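# Coordinates in review
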Amino acid sequence: MDNTLQMVDLKGQYLKIKDEIDAGIAEVLDSSAFINGPAVKAFASELAQWLGVKHVIPCANGTDALQIALMALGLKPGDEVIVPAFTYVASAEVIGLLGLVPVMVDVDPATFNVTAANLESALSPRSRAVIPVHLFGQSCDMEPILAFAEKHNLYVVEDNAQAIGARYTFSDGRVKRTGTMGHIGCTSFFPSKNLGCYGDGGALCTDDDALAEKLRMIANHGQKVKYHHSVIGCNSRLDTIQAAVLRVKLRHLEEYCSARAAAAEVYSGLLGAFDPDGKFFDLPARLHASTHVYHQYTLKVRGGRRDALKEHLASLGIPSMVYYPLPLQEQEAFRSIARAASELKASKECAYSVLSLPMHTELTREMQERVADAVKSFFTGLQQ
Ligand SMILES: *Cc1c(COP(=O)(O)O)cnc(C)c1O
């Protein structure tokens, strides 16, 4: 077994399911149905069933999914779409790409996610849609967000690229998977995502029949009937080989979610025992209503020591990553096109203090102890 610590271990995960994956890929090669082969349809229906949603529309990547979602809503140039300032660029990039106005809102500094209260500050007569991002694998608090959106007649497009598999419980006891609560859910199958393929891939999902038809059409050159184009669309497909990989990995997704949650618990146990009062860092905060699938296990490092901790870890052979070092309001690309709903203090604070530790399905207790010991040695070193 490979004992090198990596942020993600795609190879180790592959080796455990190699026979299934290789057989799936061989079948595609054999049939040579590389585009829209039977595995694509089969995967879409299996994922729909897994998520508990009526329609899944596969596409080329997660960014395309977000773009196609916004294209389907009939928005006009200048219309505003509300998006968290602390997220991966794709969530906001597509808004700008379509000539819409990204309105950046702050996140909750503990959960890293937007809240209904934050959204309130962004409202204007041009508000049309909101993109809650379930960052790092935990659901946003969707019940108040959905109520807010309904009250103000806004579309809800969930960015579920990092949280596939997480469950949210409503106050009446209903449980839903992230990505299935808004009008449209978008996800990514980038290799390092919780359900990753071996290249690029993405999908949209919705319970709305009319929206599903539109999304399908837009992803396919705006056509329903071949060579008859009713709207301007794009060319965004999941290829058959990737669908074959995803069909196999979907069968393991529940166990992958559990493995990540178990690894998170180990980290929290080791690190929480070392810093019980949160003097040095905050452990990932939990939202009571949501499960967490830990796309990332992210600490908030206190006292401006994040970069020094990262360097210390690197010197001990422990990788770590900063997701994401700049909040949107500090990105040059958005300077002239976006509007900030507030000072966005929490987003800035997060960007300058977060550090994600190695997190994947193949972590061993021994590896995690090495990570935790390295973190501890940094802070005990400071005290000497
Ligand atoms: C990965 C990711 C995307 C984009 O997915 P791609 O498949 O890389 O285009 C969008 N939003 C978030 C939050 C992501 O993490």
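Residues numbered from 1 in each chain as written. Predicted model: local features only at pLDDT ≥ 70, side-chain atom pairs only at ≥ 80, totals over all residues. Heavy atoms only, no water.

## Looking at the site of the ligand
Contacts to the ligand come from 13 residues, most closely from Gly-62, Thr-63, Asp-159, Ser-188 and Lys-193. Note that an oxygen atom of the ligand is positioned 3.5 Å from one of the side-chain N or O atoms of Asn-61. Summarising the interface, the protein chains cover 92% of the accessible area of the ligand, which totals 380 Å² for the free molecule. With three residues, helix H4 (residues 62-71) is the single largest residue contributor to the shell around the ligand. Looking at the shell around the ligand, its residues break down into five nonpolar, six polar and two charged. (Near = heavy atom within 4 Å. Polar contact = N/O pair within 3.5 Å; in protein donor to acceptor, adjacent residues only side chain to side chain. Areas by Shrake-Rupley, 256 points an atom, 1.4 Å probe, with all protein chains shown as cover. Helix = DSSP H or I, 4+ residues; strand = E, 2+ residues; numbered from the N terminus. Nonpolar A, V, L, I, M, F, W, Y, C, P; charged D, E, K, R; others polar.)

## As for the packing of helix H10 (residues 253-274) against helix H13 (residues 365-383)
Between two packed helices, the angle of one axis relative to the other and the distance separating the axes together describe the packing. Packing of H10 against H13 leaves a shortest axis separation of 10 Å and a crossing angle of 30°. Taken as axis vectors, H10 and H13 run roughly parallel relative to one another. For the crossing formed where H10 meets H13, the hand is right-handed. Listed contacts from H13 to Ala-263, Val-266, Tyr-267, Leu-270, Leu-271 and Phe-274 of H10 are Arg-365, Gln-368, Glu-369, Val-371, Ala-372, Val-375, Lys-376, Phe-379 and Thr-380. Among the residues forming the contact of H10 with H13, the class breakdown is 10 nonpolar, two polar and three charged. (Axes fitted to C-alpha atoms, helices over the stretch in contact; angles between N-to-C directions. Parallel < 35°, antiparallel > 145°, perpendicular 65-115°, else oblique. Left-handed = near helix turned anticlockwise from the far one by under 90°. Contact = heavy atoms within 4.5 Å.)

## Points about the packing of aromatic side chains
Counted under the stated rule, the structure contains 15 aromatic pairs. Ring geometry for Phe-43 versus Phe-189: centroids 5.4 Å apart, planes at 75°, classification edge-to-face. Remark: Phe-189 occurs in the loop between strand S8 (184-188) and strand S9 (202-206) and Phe-43 occurs in helix H3 (residues 38-51); sequence separation between them is 146 residues. There is no split in this pair, since Phe-43 and Phe-189 are both buried. Taken together, Phe-86, Tyr-88, Phe-112, Phe-136, Tyr-323 and Tyr-324 form an aromatic cluster joined through their ring pairs. (Phe/Tyr/Trp six-rings, centres within 6.5 Å; stacked < 30°, edge-to-face > 60°. Buried < 20%, exposed > 50% of the residue type's maximum accessible area, 1.4 Å probe, protein only.)

## Description of the pattern of salt bridges
For the structure on display, the rule yields 20 salt bridges. As a salt-bridge pair, Arg-177 and Glu-254 come within 3.2 Å of each other at their nearest N and O atoms. Of the two residues, Arg-177 is situated in strand S7 (residues 175-177) and Glu-254 in helix H10; the sequence distance between them amounts to 77 residues. Look at Glu-254 and you get partly exposed, because its relative accessible area is 33%. The shortest N-O distance in the salt bridge between Lys-348 and Glu-330 comes to 3.3 Å. In this pair, Lys-348 is assigned in helix H12 (residues 345-351) and Glu-330 in the loop between helix H11 (306-315) and strand S14 (339-340), connecting sequence segments 18 residues apart. Of the residues examined, Glu-330 reaches a relative accessible area of 21% and is grouped as partly exposed. Three or more residues joined by partner-sharing salt bridges are found here, namely Asp-79, Arg-126 and Arg-128. (Salt bridge = Lys/Arg side-chain N within 4 Å of Asp/Glu carboxyl O.)

## Re helix H7 (residues 142-151)
Buried residues of H7: Met-142, Ile-145, Leu-146, Phe-148 and Ala-149, and no others. One side of H7 carries all its buried residues, which in axial view fall inside an arc of 160°. Of the exposed residues in H7, those oriented more than 90 degrees away from the buried face are Glu-150 and Lys-151. Note on H7: the residue one or two positions beyond its end, Asn-153, has a positive phi of about 60°. (Arc of directions from axis to C-beta.)

## Thoughts on helix H5 (residues 90-97)
Turning to H5, its buried residues are Ala-90, Ser-91, Ala-92, Val-94 and Ile-95. On its buried face, H5 sits against H4, strand S2 (80-84), strand S3 (101-105) and strand S5 (155-159). Positive backbone phi, approximately 75°, marks Gly-99, located one or two places after H5.

## A closer look at the domain arrangement of the protein
Segmenting the protein into domains produces domain 1 (10-251) and domain 2 (253-383). Opposite the 54 residues of domain 1 that make contact, domain 2 presents 40 residues. A per-residue breakdown of the area domain 1 buries against domain 2 is headed by Met-104, Phe-136 and Asn-194, which together make up 20% of the total. Between domain 1 and domain 2 we count four salt bridges in total. Across the pair Glu-362 and Lys-16 runs a salt bridge, and its minimum N-O distance is 2.6 Å. Taken together, the connections running from domain 1 to domain 2 amount to 28 residue pairs in polar contact (both at pLDDT 80 or more). (Domains from an automatic or database assignment. Buried area = accessible area lost by both parts, 1.4 Å probe.)

## Let's talk about the sheet that holds strand S15 (residues 354-357)
Pairing in this open sheet of three strands is antiparallel, and the strands run S12-S13-S15 from one edge to the other. Each end of this open sheet is capped by a strand with a single partner; those strands are strand S12 (281-282) and S15. Bridge count between strand S13 (residues 297-301) and S15: four bridges; the pairing is antiparallel. If you follow Thr-298 over to S15, its bridge partner there is Ser-356. (Pairing = 2+ DSSP bridges.)

## Structural notes on unusual backbone geometry
The omega torsion across Tyr-323 and Tyr-324 is 5°, close enough to zero to call that bond cis. Locating Tyr-324 in the fold gives a position in the loop between H11 and S14. Non-glycine residue Tyr-227 carries a positive phi angle of around 70°. When its relative accessible area of 66% is taken as the criterion, Tyr-227 is described as exposed. The phi torsion at Tyr-294 lies on the positive side, around 45°, for a residue other than glycine. Take Tyr-294: it is sitting in the loop between S12 and S13.

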